[in-house]
Structures are given as structure tokens and as C-alpha cells.
Amino acid sequence: MRRPAAPRGLFGPQNRNLWFWIFVGPFVIGLTVFTYVPLGWSVYLSFFDAHNTVSPTDFVGLDNYTAMLRDDAFTDSLATFAVFTAIIVPATFALSLALALMVNRLRRAQAFFRSVFFLPVACSYVVAALVWKMSIFNGVRFGLANTVLGWFGADQVAWLSTTEPPWYWLVIVTVRLWLQTGFYMVLFLAGLQRIPPRLYEAAAVDGARPGWQTFRHITFPQLRATSVAVALLLVINAFQAFDEFYNLLSDARGYPPYARPPLVYLYYTALGQEQNLGLGSAGAVILALIIAVVTVAQARWFGLGRKED
């Protein structure tokens, strides 16, 4: 007697996809519950007057969006992001590429140095910010930076409270560089190891000199796809900056009016004294749209996904 055919449904013929859903299912459920549902609810709240409530009934349409775009504090936070991006993106790009080139040239202990430079990626942003704030750039005589300045007879600097010149940018940028450079170094290193050695051999036969000439005409063009991906990730991560700003600059008196990125401003808007979740959600949606537009424009500018000639 012939057995009936196995049902073809969610799990495929003979349940071939069963293990796929066993492993992927929990991730899909978690992503839906903790990411997509909150995102959808945030968009919903942005059209309501949601003071101290997540289940509002007073529909206000686009009033929250209009109020956010007219708020000088919100536009100033976007300007802070622009400054932060203009500093951190090229600095991280250049430093991570330089480290990848140096590690790639090592004949011995390459795995050791790759692990050493990547290790800060595993450190918490909160912990790193507190180390920078309390130990390295402490504004009193006990900070490492002021101790080094004292060796040369220089005056102490209140790193996080001095706005002219804005020394706080040095603290914020250095902690972010230390935390994320290793990750992008690994990406560049993977790209470098995919370059065929025959290209360098052919260049040597043609008389190309090793160093800048080889890097300019062979190495960097071959890293085009990796470079575009790194640039996109850096811009997106800059938009999402929160932990280092909040933990470095806030204190018992609150957060200072300067160097306030969008997420810090939205945090105080939605969870501050007024707890205006509708206004904060509208700002979050605006920020998400800006990220999407900038990412798509950047991808099209660099030709991401375009076939190589």
C-alpha cells in the first residue's frame, strides 16, 4: 500500500524546514515583539497627544511633527549630530584602515594583534564612558590627561565643561574611536585578504613602487565595496549615539545645553518631567526618516550594489 504524500506547508516536504524554524523562530518572535511592535506603536503614538500614557485617545494628526521641526532644541541636536559625524566618520575610517593595513602586513602574531585591537568592541559603552570621565579626562588634578599636562607645566583643563574651546569633543570622539575602531579594522582586514596577490605581482612587474602608489591604484580600489559598507555603518552608528554623550556629560544637575545629540534630546522629551511620548515618538520617526534618506542617498552616491566593471 502506498503511503500518502507528506504535507507541503510551513515545514516543507517531509518537514525539511522544521529545524530552520526551530532555530530561527525564537529570533523572529523576539524581533517582532521587541522591535517591530514597539516601532509600530511609536508611529501610532506620534499622531496623538500622549502625555504620561501609552494608550492615548486625543488624536492630533501632524501637530507633534510640526512642533518638533519648529523646536530649536531638536534642530540644535541635529546640528550636534552633524558635527559629531563630520569628526568621527573620517577619523574612524582612516584609523581602522591604517590598523588593518599594518596588521595585514605582519608575518607573525597577526591573530594576536587582531584580537588586541578588536577587544575594546566587547566593552560596554557605559563602562568606557565612565573610565574616560573618571580616570582619564577627569577635570580635576587626579585625571590622567591633566597629570600629563602638569608634567609640562600646563594648566589643568575642565575637559567636559569647557565650551571655548570645546574640549568635550576630544573626550567624546576618543572614547568612540577606542570602542569601534577594532570592529571596522576587522572588516577592512577581511577585504584586504580577499585581494588576489597576482595583482600586486603584476604591478611589481610593471614597475609600480610599493607603498602609496600600490595602495592608491590597487589596494584602495579593491576595497571599494568594504569602504562603502564601512561608511554607511559609521553614519548610521553616529545617528544612534547616546551612551557616551549621556554618561560623559550628564551629572546630578542634569544634562548641559551643549553637545546634545538627537537621542539624548528625545530621551528627555519622552521620559523627562513632562513625559510627552507623542512628541518624543514624532521626533524618533523624523530621526528614522533622516537616517533612511541619508543611508539611501549615500548608498546611491557610492554605487552600493552596482556591478563592477
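Calculation notes
Residues numbered from 1 in each chain as written. Predicted model: local features only at pLDDT ≥ 70, side-chain atom pairs only at ≥ 80, totals over all residues. Heavy atoms only, no water. Helix = DSSP H or I, 4+ residues; strand = E, 2+ residues; numbered from the N terminus. Expected span 1.5 Å × (residues − 1). Buried < 20%, exposed > 50% of the residue type's maximum accessible area, 1.4 Å probe, protein only. Arc of directions from axis to C-beta. Contact = heavy atoms within 4.5 Å. Polar contact = N/O pair within 3.5 Å; in protein donor to acceptor, adjacent residues only side chain to side chain. Phe/Tyr/Trp six-rings, centres within 6.5 Å; stacked < 30°, edge-to-face > 60°. Lys NZ or Arg CZ within 6 Å of the ring centre and 35° of its normal. pLDDT = per-residue confidence, 0-100. Axes fitted to C-alpha atoms, helices over the stretch in contact; angles between N-to-C directions. Parallel < 35°, antiparallel > 145°, perpendicular 65-115°, else oblique. Left-handed = near helix turned anticlockwise from the far one by under 90°. Nonpolar A, V, L, I, M, F, W, Y, C, P; charged D, E, K, R; others polar.

Bringing helix α5 (residues 125-136) into the picture now. Compared with the 16 Å implied by 1.5 Å per residue over 12 residues, the 15 Å span of α5 between its first and last C-alpha is a close match. Among all positions of α5, only Ala-128, Ala-129, Trp-132 and Lys-133 are buried. Down the axis of α5, the buried set is contained in an arc of 130°. They therefore lie on one face. The elements touched by buried residues of α5 are α7 (168-192) and α11 (243-249). Capping the start of α5, Ser-124 holds a side-chain oxygen 3.2 Å from the backbone nitrogen of Val-126, two or three residues further along.

Looking now at unusual backbone geometry. That bond from Glu-164 to Pro-165 is cis: its omega, -5°, falls within 30 degrees of zero. Within the element layout of this structure, Pro-165 appears in the loop between α6 (144-151) and α7. Backbone geometry at Ala-259 places phi at a positive 50°, although glycine is not the residue there. By secondary structure assignment, the location of Ala-259 is in the loop between α11 and α12 (262-271). Residue classification places Ala-259 among the buried residues on the basis of a relative accessible area of 6%.

All told, the structure shown has 25 aromatic pairs when counted by the stated rule. Positioned over the ring face of Tyr-268 is Arg-260, at 5.7 Å from the centre of the ring.

Let us look at the confidence of the model for the protein. When the pLDDT values of the protein are averaged, the result is 84; 92% of them are 70 or greater. Mean pLDDT values over the elements of the protein span from 81, in helix α8 (residues 197-205), up to 93, in α7.

Among the structural elements, Ser-96 can be located in helix α3 (residues 72-104). Since its relative accessible area comes to 0%, Ser-96 is described here as buried. A distance of 3.1 Å separates a polar atom in the side chain of Ser-96 from the backbone oxygen of Phe-93.

Take the packing of α3 against helix α4 (residues 110-118) next. Closest axis-to-axis distance for the α3/α4 pair is 9 Å, and the angle between their directions is 160°. As far as their axial angle goes, α4 and α3 are roughly antiparallel. In the crossing of α3 with α4, the sense of the turn from one axis to the other is right-handed. In contact with Leu-99, Val-103 and Asn-104 of α3, α4 contributes Gln-110, Phe-113, Arg-114 and Phe-117. Of the residues contributing to the contact of α3 with α4, the split by class is four nonpolar, two polar and one charged.

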